[in-house]
Amino acid sequence: MALAFDEYGRPFIILRGQEQKSRLRGLDAQKANISAGKAVARILRTSLGPKGMDKILQSPDGDVTITNDGATILEQMDVDNQIAKLMVELSRSQDYEIGDGTTGVVVMAGALLEQAEGLLERGIHPIRIAEGYEMASRIAVEHLEHIAQKFEFGVSNIEPLVQTCMTTLSSKIVNRCKRSLAEIAVKAVMAVADLERRDVNLDLIKVEGKVGGKLEDTELIHGIVVDKDMSHPQMPKHIEDAKIAILTCPFEPPKPKTKHKVDIDTVEKFQTLRLQEQKYFDDMVQKCKDVGATLVICQWGFDDEANHLLMHRNLPAVRWVGGVELELIAIATGGRIVPRFQELTPEKLGKAGLVREKSFGTTKDRMLYIERCANSRAVTIFVRGGNKMIIEETKRSIHDALCVARNIIRNNSIVYGGGSAEISCSIAVEAAADKYPGVEQYAIRAFGDALDSIPMALAENSGLQPIETLSAVRSQQIKDGNAYCGIDCNDVGTNDMREQNVFETLIGKQQQILLATQVVKMILKIDDVISPTDY
Amino acid sequence: MAIDKLFKDDATEEKGERARMASFIGAMAIADLVKTTLGPKGMDKILQSTGRGHSVTVTNDGATILKSLHIDNPAAKVLVDISKVQDDEVGDGTTSVVVLAGELLREAEKLVAAKIHPMTIISGYRMAAECARNALSQKVMDNKEDAEKFKSDLMKIAMTTLSSKILSQDKEHFAKLAVDAVMRLKGSTNLESIQIIKKAGGSLKDSFLDEGFILDKKIGIGQPKRIENAKILVANTAMDTDKVKIYGARVRVDSMSRVAQIEGAEKEKMREKVQKIIGHGINCFVNRQLIYNFPEELFADAGVLAIEHADFDGIERLALVTGGEIASTFDNPESVKLGHCKLIEEIMIGEDKLIHFSGVEMGQACTIVLRGASFHVLDEAERSLHDALCVLSQTVIDSRVLLGGGWPEMVMAKEVDELARKTPGKKSHAIEAFSRALISIPTTIADNAGLDSAELIAQLRAEHHKEESHAGIDVISGSVGDMAELGISEAFKVKQAVLLSATEAAEMILRVDEIITCAPRRREDRM
């Protein structure tokens, strides 16, 4: 332990309560960190690729999640180790930035750490390794740009986009109907995309799920689906050309924030108050009616009396609609959210061609469809499936597919998948390594080896001989100068990824390499871990 | 060293084979649990709740059994979930779906032990499921055109569904009840308009279908017990002295006389409200909320029948059948739609008095009154009847019908076997396994009936080798019989849902190679 003495031989206290803290220093610390990072990567390794396996995660409350989405697994894994937490962060940032490739980035980081361990054994200073990695990652990213291809698509030609989404979906449990889901995802993205600015606002796509039916029943709705029903059972269930008043105030007498009291001391006062109250309800409903609304959507509840008045005046209403949904409805129908009855004006009403209530199965589940909206840019993907877990997993998969489609719209460069890009980069990195004098050369080579680990994991998961397959593909790439050879995971018979139509986005791949390198650099730089021991 | 502390304390992680084993075993345990309830001779289970009262349920409904279990195994939860969804979506086949999924996993376990990769098994299962579904859809019968035949189909389906339930003794009686009730709906699946009332006493045979609507409430004292050509106002309003809804209002008085005055005003207000209600020209008033003594007296004076505290479903249904609207304000009597019915009277079922509305406007609604020896019997009877109603209402939409008694499984198994022979590669093992899993359903039915399943299944197989066979297991006589003659039918929709959800669930569990269990949340110990 860190102990220092003054000139009289008395110990200084450097760390308060140091005997209660466990501490790892120097090489030990690095090794411990590396092994923790590797352990996390090992968990995810089997989930990589189209034949990757799923994990069951049981939350503290006993709920079960089944997924092979890297970010979801790590998020719910409840890790305690600091370095493992870094890996979780890594996967999360890939998820936020790109939305896909969350498993790959962790596997990549794990491989880099493993290589670094070997170099540390040889006595290479961690900072030198980190610098070597940095250089190598720059080479790899440049090389990726080199082998990337531009990718033409338009509003009428969405086929290439569908293909890319299919690559993403093929690793998920939903791959049975990846074609239809990919089409749904692409159509959804195209509906909300701004092709001029190359921007997609994914907030406009709502993914709603309901247990029951088949996965094939999943549909894209050009409008909004709300899991609510009409406030009064006898209101019309089908409204054409609806004019929607979107309210955030309850149909109730006002409740001022300031504390106040209304004193009743005479019979007359009692009666006037009663009349006023009745008039209040009447006014509220009348205001909605006056501006021409044919449907009221309210964030709050209604009083029984208000409810009946609405029903009576033939004004259908929906209550307790959540804030996010309310906003979406406002965007879709082109209406304004109105916080007070006094501010209702005809211009603030939203418009929708059709509002209908639809019921499902044998239970009393009902949902409200708002379709043919004024602003057709908000869409809903409505997921059906055999059970809750399938639906959750489908939602996650669709989210990934949406992100991929968005990335392509933002930047239409692609690289080929199936490990071909990694192998090609690894060849390029290793070729470049020789040009660097000094110790970094070793680190750069190690980086190249680490890149190989992704195709290796792919081959392993697909039940192929990993080393044999990898070396065959590598030699083929070098011999033919063809950067599009990858691992044939689906046993199609060819390993040219152009023929298999397996692509990934360039930015996704670049981001993976950059993020993984950054995290590994950070882990390598840690040489002292001080943590409180338990008890 | 550091790896030991990757997870929080108490969190566990199971990998690879061990994880797969754990999920297989969990799923199979659940399947075995409900297995004995399958088929007409299936046994029931007693479920005792751990809550207060330790209430007891006796059932053989798969969904009900599984819903009440406390399960810790994640794979088992998947199975519980599919059975729940099956219940919500088609209403029946909740046991079959779990048993089939369990058998698929049992077969998969053997394949995994024989070193076949789970992904290969999955792709084999998928091919097999697709093939089985095609085989089924080719063999369906559709009698939608012929109303008479269709009705007899419905009757058969209802009898088949009920034969595995407690109602099997009187299945014809109940099948007729269910079919009549569903036919009244005229194609809608809204089971809400079929009301089931349970009254202990009498025997199951005494159950009957009533064309009108029965409300389990009493008529207020001193009010007419019988009204012809009733005009009904259905309301949801507070009939006590209304609270002033304006926030912050309170009564402040300085003398007793003032209190009396205000009380008088309140009473006056109440009287006014009642007057307004009576002003609608009604002779029956049904409220969701309580009607207190004072207004009740006023109604009695006016000769109006007032029914209080009808539950929410009750008034919605009543409003639906009588064609009235649920009112909460009473200022515009001319525009409120009133409900009508020919006759309201008080009837006695067993010892209880109920209110019976007959000759209602909407012909769709009806009430089934269940009688039975005990509450357990009634509860179970209700569940069985609910299953039958669900299946029937779904069949009305999708009128395709299959034979029952293990016939569909044998048909599918035969086709799937064909496919296995044609498929090259390791997948064919999985396809073969799928067909074995399918056959296990008739096997279980036979086993549960105490028959020699090996012998019967072999016979069935031989029968099915002929084209257009109608052979299935006749549990009553204990032999192979012609299902078309015996009139055992099942709905196509149910079978298809069973097949697809079971395959989906098996696939999901097969794909798992790791289970990570988080540390259970610590509960505050209040003991």
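Small disclaimer: the values here were computed from a predicted structure and weren't measured.

Visitor: Please explain the overall build of chain B as it appears in this structure.
Guide: For chain B, the count of helices and strands is 16 helices and 20 strands. A principal-axis box enclosing the C-alpha atoms of chain B has dimensions of 95 × 70 × 40 Å. For chain B, the residues scored as buried account for 54% of the 527 residues in total. Considering only residue pairs separated by 6 or more positions, chain B has 74% of its internal contacts joining residues 24 or more positions apart. In the structure as shown, chain B presents an accessible area of about 22900 Å², 51% of it carried by carbon and sulfur atoms. Within chain B, one finds 68 positive and 81 negative side-chain charges whose respective centroids are separated by 3 Å.

Visitor: Can you walk me through the packing of aromatic side chains in this structure?
Guide: For any pair of aromatic rings, geometry is given as the distance between the ring centres together with the angle between the planes. Counted under the stated rule, the structure contains six aromatic pairs over all chains. Plain terms: the ring middles of A:W300 and A:W320 are 6.3 Å apart, the flat faces sit at 75 degrees to each other, and that makes the pair edge-to-face. Here A:W300, found in the loop between strand 14 (295-298) and helix 9 (304-312), pairs with A:W320, found in the loop between strand 15 (317-318) and helix 10 (323-333); they are 20 residues apart in sequence, far enough to count as distant. A:W300 sits in the partly exposed class, given a relative accessible area of 41%. With centroids separated by 5.6 Å and ring planes inclined at 65 degrees, the aromatic side chains of B:Y125 and B:F434 adopt a geometry described as edge-to-face. Here the residue B:Y125 occupies a position in helix 5 (residues 118-139), and B:F434 occupies one in helix 13 (residues 427-448), the gap between them amounting to 309 residues. As far as the burial class goes, B:Y125 and B:F434 line up, both buried. Taken together, A:Y416, A:Y484 and A:F503 form an aromatic cluster joined through their ring pairs. For A:R356, the ring lying beneath its charged end belongs to A:Y369, and the centroid distance is 4.6 Å.

Visitor: Would you mind showing me how to read the sheet that holds strand 15 (residues 366-372) of chain B here?
Guide: One key point about sheets: their strands pair by backbone hydrogen bonds, in either a parallel or an antiparallel sense. Residue and element names in this part refer to chain B. The three strands are arranged 5-15-6 in an open sheet whose pairing can be described as mixed. Edge positions in the open sheet fall to strand 5 (194-200) and strand 6 (208-210), since each of these has one partner strand only. Each strand axis lies, on average, 25 degrees off the axis of its neighbour in the sheet, ignoring direction. Pairing between strand 6 and strand 15: three bridges, direction antiparallel. Bridge pairing in strand 15 links L209 to I368. Lying on the sheet, helix 7 (residues 171-185) is in contact with strand 5, strand 6 and strand 15; it crosses strand 15 at an angle near 165 degrees.

Visitor: Quick question: what am I supposed to make of the pattern of salt bridges here?
Guide: Pairing between side chains of opposite charge can happen when their charged atoms approach one another. Residue and element names in this part refer to chain B. As enumerated under the stated definition, the model contains 47 salt bridges over all chains in all. Between D87 and K67 there is a salt bridge; the shortest N-O distance is 3.8 Å. Of this pair, D87 sits in helix 3 (residues 74-89) while K67 sits in helix 2 (residues 62-67); the two residues are 20 residues apart in sequence, bridging distant segments of the chain. The exposure class assigned to K67 is partly exposed, which follows from its relative accessible area of 48%. The partner of K495 in a salt bridge is E490, and the shortest N-O contact between them spans 3.5 Å. Residue K495 is classed as buried on the basis of its relative accessible area of 6%. Through salt bridges with shared partners, a single ionic network connects D32, K35, E103 and R106.

Visitor: How should I be thinking about the packing of helix 6 (residues 159-169) of chain A against helix 7 (residues 178-192) of chain A in this particular structure?
Guide: The description of two packed helices rests on the angle between their axes and on the distance between the axes. All names here are of chain A. At a minimum axis separation of 8 Å, helix 6 and helix 7 run at an interaxial angle of 125 degrees. Taken together, the axis directions place helix 6 and helix 7 in an arrangement best described as oblique. Taken as a pair, helix 6 and helix 7 cross one another with a handedness that is right-handed. Along the contact surface, helix 6 presents E159, L161, V162, Q163, C165, M166 and L169, while helix 7 presents K178, R179, L181, A182, E183, V186 and M190. Here the contact of helix 6 with helix 7 is built from residues that sort into nine nonpolar, one polar and four charged.

Visitor: Quick question: what am I supposed to make of the interface of chain B and chain A here?
Guide: Reports often express the size of an interface as the amount of accessible area lost when the parts come together. Counting from both sides, the interface comprises 82 residues of chain B and, opposite them, 80 residues of chain A. When the two sides are added together, the surface that chain B and chain A hide from each other amounts to roughly 7600 Å², 56% of it contributed by carbon and sulfur. For the interface between chain B and chain A, the tally reads three salt bridges. For B:R511, the salt bridge identified is with A:D54, shortest N-O distance 3.2 Å. Here chain B is connected to chain A by seven residue pairs in polar contact (both at pLDDT 80 or more). With 10 residues, helix 3 of chain B is the single largest residue contributor to the side of chain B that touches chain A. Split into classes, the residues belonging to the side of chain B that touches chain A amount to 35 nonpolar, 14 polar and 33 charged. Bridge count between strand 4 (residues 54-58) of chain A and strand 20 (residues 512-517) of chain B: five bridges; the pairing is parallel. Across the sheet, A:L57 pairs through a bridge with B:I516, a residue of strand 20 of chain B.

Visitor: Please explain helix 9 (residues 293-301) of chain B as it appears in this structure.
Guide: In an α-helix, one full turn covers 3.6 residues, which means residues spaced three or four apart are oriented alike. Residue and element names in this part refer to chain B. Among the residues making up helix 9, those that are buried are P295, E296, L298 and F299. In an axial view of helix 9, the angular spread of the buried residues amounts to 160 degrees, which keeps them on one side of the axis. Among the exposed residues of helix 9, those oriented more than 90 degrees off its buried face are N293 and D301. Each element contacted by the buried residues of helix 9 is listed here: helix 8 (256-278), strand 10 (284-287) and strand 11 (305-307). Positive backbone phi, approximately 75 degrees, marks G303, located one or two places after helix 9.

Visitor: Could you clarify how one ought to interpret a negative patch on the surface in this entry?
Guide: Where like charges cluster on the molecular surface, the negative patch consists of B:D142, B:E145, B:D146 and B:E148. Within the element layout of this structure, B:E145 appears in the loop between strand 4 (141-142) and helix 6 (147-163).

Visitor: Explain a nonpolar patch on the surface to me, please; I cannot follow it from the model alone.
Guide: Judged by side-chain polarity, B:V251, B:V253, B:M256 and B:V259 come together as a nonpolar surface patch covering roughly 360 Å² of accessible area. By the secondary structure assignment, B:V253 is in the loop between strand 9 (249-251) and helix 8.

Visitor: Could you clarify how one ought to interpret the confidence of the model for chain B in this entry?
Guide: Low pLDDT means the predicted coordinates in that region are not meant to be read closely. Averaged over chain B, the pLDDT score is 80; the fraction of residues at 70 or greater is 90%. For this predicted complex, the interface confidence comes out at an ipTM of 0.71, alongside a pTM of 0.78.

Visitor: Please clarify how the pairing of strand 8 (residues 226-235) of chain B should be interpreted in this entry.
Guide: Walk down a regular strand and you will see the side chains alternate between the two sheet faces. Residues and elements named next belong to chain B. As paired elements, strand 8 and strand 13 (residues 339-349) share six bridges and run antiparallel to each other. Pairing of R226 across the sheet is with E345, part of strand 13. In this sheet, strand 10 lies alongside strand 8 in parallel orientation, the contact comprising four bridges. Bridging from a neighbouring strand, I232 pairs with C284 of strand 10. Where strand 8 and strand 12 (residues 326-327) come together, two bridges link them in parallel fashion. Counterpart to A235 in the pairing with strand 12 is A327.

Visitor: In this structure, what is going on with the nonpolar core? I would like to understand it.
Guide: Taken as a class, soluble globular proteins show a tendency for nonpolar side chains to be buried jointly. With 230 residues, the main nonpolar core has A:Y133, A:F447 and B:F434 as its most contacted residues. Broken down by element, the residue count for this core peaks at 11 residues, all from helix 4 (residues 102-121) of chain A. If we ignore the near neighbours within four places in the chain, the residues touching A:Y133 are A:L112, A:Q115, A:A116, A:A443, A:A446, A:F447, A:T517, A:V520 and A:L524. In this structure, A:M230, A:F281, A:F302 and A:A330 belong to the second largest nonpolar core, which totals 46 residues.

Calculation criteria
Residues numbered from 1 in each chain as written. Chains lettered and ligands numbered in written order. Predicted model: local features only at pLDDT ≥ 70, side-chain atom pairs only at ≥ 80, totals over all residues. Heavy atoms only, no water. Helix = DSSP H or I, 4+ residues; strand = E, 2+ residues; numbered from the N terminus. Buried < 20%, exposed > 50% of the residue type's maximum accessible area, 1.4 Å probe, protein only. Contact = heavy atoms within 4.5 Å. Areas by Shrake-Rupley, 256 points an atom, 1.4 Å probe, with all protein chains shown as cover. Lys, Arg positive; Asp, Glu negative; His and termini not counted. Charge placed at Lys NZ, Arg CZ, Asp CG, Glu CD. Phe/Tyr/Trp six-rings, centres within 6.5 Å; stacked < 30°, edge-to-face > 60°. Lys NZ or Arg CZ within 6 Å of the ring centre and 35° of its normal. Pairing = 2+ DSSP bridges. Axes fitted to C-alpha atoms, helices over the stretch in contact; angles between N-to-C directions. Salt bridge = Lys/Arg side-chain N within 4 Å of Asp/Glu carboxyl O. Parallel < 35°, antiparallel > 145°, perpendicular 65-115°, else oblique. Left-handed = near helix turned anticlockwise from the far one by under 90°. Nonpolar A, V, L, I, M, F, W, Y, C, P; charged D, E, K, R; others polar. Buried area = accessible area lost by both parts, 1.4 Å probe. Polar contact = N/O pair within 3.5 Å; in protein donor to acceptor, adjacent residues only side chain to side chain. Arc of directions from axis to C-beta. Patch = residues over 30% accessible without salt bridge, like charges linked within 9 Å, V, L, I, M, F, W, Y side chains within 5 Å. pLDDT = per-residue confidence, 0-100. Core = buried A, V, L, I, M, F, W, Y, C linked by side-chain atoms within 4.5 Å.

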